[in-house]
Amino acid sequence: MKRLVILGGGESGVGAAILGKTKGMDVFLSDSGTIAPHYRDMLDSENIPWEDNAHTPELILNADEVVKSPGIPPTAPIVRAILDKGIPVISEIELAGRYTDAKMVCITGSNGKTTTTLLTYHILRQAGINAGLAGNVGRSLALQVAREHHDVYVIELSSFQLENMYRFKANIAVILNITPDHLDRYDYEMQNYINAKFRIIRNQTPADAFIYWQDDPVIRRQLRHITTEARHYPFAEHQQDTTAAYIDAEDHLFIDTPAQTLTMPRADLALSGLHNLFNSMAAGLSACILDLKKDDIRRALSDFEGVEHRLESVATIRGVHWINDSKATNVNSCWYALESMPQSGVILILGGKDKGNDYSEILPLVKDKVKAIVAMGKDNEKIIRYFSSHIPVHDTHSIRQAVDTCNALAVEGDTVLLSPCCASFDLFKSYEDRGRQFKDTVRQLQN
C-alpha cells in the first residue's frame, strides 16, 4: 500500500488527505502549527491519523510520496529532509489532477487572478455548466475530486501552488501579468518567480489554449525563451496583429476565437477600470474557447458583482469616499487601484509585511493623485524613507490609528484608499482580516 504523507492541515492538505484515503493509500497528515477544529473533525471522520504542533521525522520520512501545502517553503527543514531522502514532493493540485478527466481552466498572475477566477466561474455557472471552483478560492480541488463530479474546474493558482506541479495539465492556462511579488520566497531573484508562474503552461498540447496579456513586458520577454504547443490567445487594450481580445474603435469589447466571435459595449461590463477590463477579457476568452452561448457570456460579464476587498466601496461619510482594496498585497496591484482613482484628493493607506517592494512603480501616480500617505504597520520606516521627500507621510501602527488619521486629514470630495502594497501578517491574520477590520472601523465613524 502506497504511503502518502501530507504536510499542512489546512484546506488543501486536508483535501489531499481525504483524496488519498479514498484512493486506498496509507495516509498521514502532519502540521507544525495547530490544525483548526473543523479540519481535525474532517480528518477524524475519515479515520486519517494526524499530528499538529510538530513534524515527527519517523512518521514522515517513510513516505512514498509527500503532498506539501503551498504555504510551506521548500527551505523548511522537514522539506529539505524529505528531498534529501529522494522522496517525491508534489502539490495538492498535482495529486487531484491524476484522478479527474474534467477540463481545467487555470488562472495565475501577480494581480487580478481572484477576480478573473470568480468571473470565469460566474460565466460558466450562468451558462449552466457543471463547474467547480478551486485553488486559492473555493474549496480544495482534491476534496472535490474525491467527493463530487464537475465537468470543468476553474482554478486560481499562486506561484506557490505551481511550484510542485509536474504532470498536471491546464486545458486553458491564463497568465494575467507578472510583476515583482513574493520575492522573499524566491531568493529575491525575479526570474525564479517568473519560472514558477510559467509552470502553468507545462504539458499543454495543440488542443489547449494559452491566454495572456500581450503588453506585459515580462511575459513577452519570457515567451522569447520558451515554447508551448498550446494555441495563443493574447489580449490587450488595443488591437495588434495577433490580439484575440481588445477594445475596438466603437469602444466595444471584441473577442475572436475559432469557436466564436463576441462583441459587447465596454460600458456594459460590470467591472470598471483598466485592470478589470483585462480581467473581463481573460474570462471572456476562456468562455468563448469553451464555446458557451454568447448571450450567457454577455449577461454574466454585465452582472458580476465583484470581489470583496478589491476596490470595494465601503461608505461615503461627510463627502469622503472610503475604499477597501486590502487585497492589493503588492505594488503593481496598488498601481491599478491608483490608476482608477480621481485625479486628486486621495489619502493612501500603505504598509504591512514588506516582500521586497520597489515603490518606484507607483511614485508618479502618488505624486499626481495622492495628498497624503498614512503608513500602517509595525515598522513603517521603508515607506516613510521612500515617500516623505515627495508627500506628507503619517506613521500609524493600528487600524484605528490609521482610520482616525485619515478622517482628520480628509475633506469633502477626498477618497481614502486602503491599498497596502504589502502582506498583512504584521498586524492582521490575513488580507481578509485587514479588510474587514478596516470596513468595521470606517463604519464606526458614521455613529
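Residues numbered from 1 in each chain as written. Predicted model: local features only at pLDDT ≥ 70, side-chain atom pairs only at ≥ 80, totals over all residues. Heavy atoms only, no water.

## Quick word on the overall build of the chain
1) Next: Summing up its helical and strand segments, the chain has 17 helices and 20 strands in all.
2) Next: Summarising its shape, the C-alpha atoms of the chain cover approximately 70 × 50 × 45 Å along the three principal directions.
3) Next: Taken over 447 residues, the chain has a buried fraction of 56%.
4) Next: Across the chain, the 46 positively charged side chains and the 57 negatively charged ones have centroids separated by 2 Å. (Helix = DSSP H or I, 4+ residues; strand = E, 2+ residues; numbered from the N terminus. Buried < 20%, exposed > 50% of the residue type's maximum accessible area, 1.4 Å probe, protein only. Lys, Arg positive; Asp, Glu negative; His and termini not counted. Charge placed at Lys NZ, Arg CZ, Asp CG, Glu CD.)

## Regarding the pairing of strand 15 (residues 312–317)
1) Next: Strand direction decides the pairing type here: strand 15 and strand 16 (residues 320–324), joined by 5 bridges, are antiparallel. Note that in strand 16 the partner of E312 across the bridge is N324. (Pairing = 2+ DSSP bridges.)

## Description of the nonpolar core
1) Next: Among the nonpolar cores identified, the biggest contains 49 residues, and L141 and I155 are the most heavily contacted of them.
2) Next: Beyond its immediate stretch of four places on either side in the chain, L141 contacts E92, I93, A96, M104, A134, Y153 and I155.
3) Next: Grouped together as the second largest cluster of nonpolar side chains are 42 residues, L119, L274, A283 and V307 included. (Core = buried A, V, L, I, M, F, W, Y, C linked by side-chain atoms within 4.5 Å. Contact = heavy atoms within 4.5 Å.)

## A word on the environment of I384
1) Next: If you trace the backbone, I384 turns up in helix 15 (residues 381–387).
2) Next: Relative accessible area serves as the criterion here: at 27%, I384 is assigned to the partly exposed category.
3) Next: In sequence terms I384 and I373 are 11 residues apart; their C-alpha atoms lie 8.9 Å from each other.
4) Next: When residues no more than four places from it in sequence are discounted, the contact partners of I384 are V393 and D395.

## A few points about the packing of aromatic side chains
1) Next: Tallied over the full model, the rule gives 10 aromatic pairs.
2) Next: Ring geometry for F198 against F210: centres 6.3 Å apart, planes inclined by 70°, an arrangement best described as edge-to-face. Of this pair, F198 sits in the loop between helix 9 (190–197) and strand 10 (209–213) while F210 sits in strand 10; the two residues are 12 residues apart in sequence, bridging distant segments of the chain.
3) Next: Among the residues examined, F210 registers a relative accessible area of 0% and is labelled buried.
4) Next: Here the aromatic rings of F235 and F278 are separated by 5.9 Å at their centres, their planes lie at 45°, and the arrangement is tilted. Of this pair, F235 sits in strand 11 (residues 231–235) while F278 sits in helix 11 (residues 274–289), and the two are 43 residues apart along the sequence.
5) Next: Note on F235: relative accessible area 0%, which makes it buried.
6) Next: Under the relative-accessibility criterion, F278 is labelled buried at 6%. (Phe/Tyr/Trp six-rings, centres within 6.5 Å; stacked < 30°, edge-to-face > 60°.)

## Examining the environment of S280
1) Next: In this fold, S280 is placed in helix 11.
2) Next: Overall, the relative accessible area of 1% leaves S280 in the buried class.
3) Next: For the pair S280 and R202, spaced 78 residues apart in sequence, the C-alpha to C-alpha distance is 24 Å.
4) Next: Setting aside residues no more than four positions away along its own chain, S280 makes contact with L119, L269, L271 and L301.

## As for the sheet that holds strand 20 (residues 415–418)
For sheets, the rule is that strands pair by backbone hydrogen bonds, running either parallel or antiparallel.
1) Next: One open sheet accounts for 6 strands, arranged 15-16-20-17-18-19; its pairing is mixed. Each edge of the sheet is formed by a strand with only one pairing partner; in this case those strands are strand 15 and strand 19 (393–396). Within the sheet, the average angular offset between the axes of one strand and its neighbour, ignoring direction, is 20°.
2) Next: Across the sheet, helix 13 (residues 331–339) is in contact with strand 17 (346–350), strand 18 (370–376) and strand 20; its angle to strand 17 comes to roughly 165°.
3) Next: Sheet contacts for helix 16 (residues 399–409): strand 16, strand 17, strand 18, strand 19 and strand 20; angle to strand 18, the most-contacted strand, approximately 165°. (Axes fitted to C-alpha atoms, helices over the stretch in contact; angles between N-to-C directions.)

## Some thoughts on the pattern of salt bridges
1) Next: According to the stated counting rule, one finds 17 salt bridges in the structure shown.
2) Next: One salt bridge in this structure joins E312 and K439, with 3.0 Å as the shortest N-O distance. Note that E312 is positioned in strand 15 and K439 in helix 17 (residues 431–444), a separation of 127 residues in sequence. Side by side, E312 and K439 carry an identical accessibility label, which is buried.
3) Next: Salt-bridge contacts for D354 lead to K382; the nearest nitrogen and oxygen are separated by 3.3 Å. (Salt bridge = Lys/Arg side-chain N within 4 Å of Asp/Glu carboxyl O.)

## Re empty space enclosed by the protein
1) Next: Enumeration over the complete set of coordinates arrives at 1 cavity of 30 Å³ or more.
2) Next: Of the volumes computed, that of the largest cavity is approximately 80 Å³.
3) Next: Lining the largest cavity are N111, G112, L176, N177, F235, H275, F278, N279, R310 and Y336.
4) Next: No other element matches the 3 residues that helix 11 contributes to the lining of the largest cavity.
5) Next: Residues belonging to the lining of the largest cavity are distributed by class as follows: 4 nonpolar, 5 polar and 1 charged. (1 Å grid on protein atoms, 1.4 Å probe; cavity = no way out; pocket = protein on both sides within 12 Å on 5 of 7 lines; lining within 4 Å. Points joined across faces, edges and corners; volume = space filled by probe spheres on them. Nonpolar A, V, L, I, M, F, W, Y, C, P; charged D, E, K, R; others polar.)

## Things to note about the packing of helix 1 (residues 11–22) against helix 2 (residues 37–45)
1) Next: Across the interface, helix 1 lies against helix 2 with an axial gap of 10 Å and an inter-helix angle of 5°. Relative to helix 2, the element helix 1 lies roughly parallel. Counting all contacts with helix 1, which are made through E11, V14, A17 and I18, the residues of helix 2 involved are Y39, M42 and L43.
2) Next: Classifying every residue of the contact of helix 1 with helix 2 gives 6 nonpolar, no polar and 1 charged. (Parallel < 35°, antiparallel > 145°, perpendicular 65-115°, else oblique.)

Function cannot be inferred from these measures alone, as they are strictly geometric.
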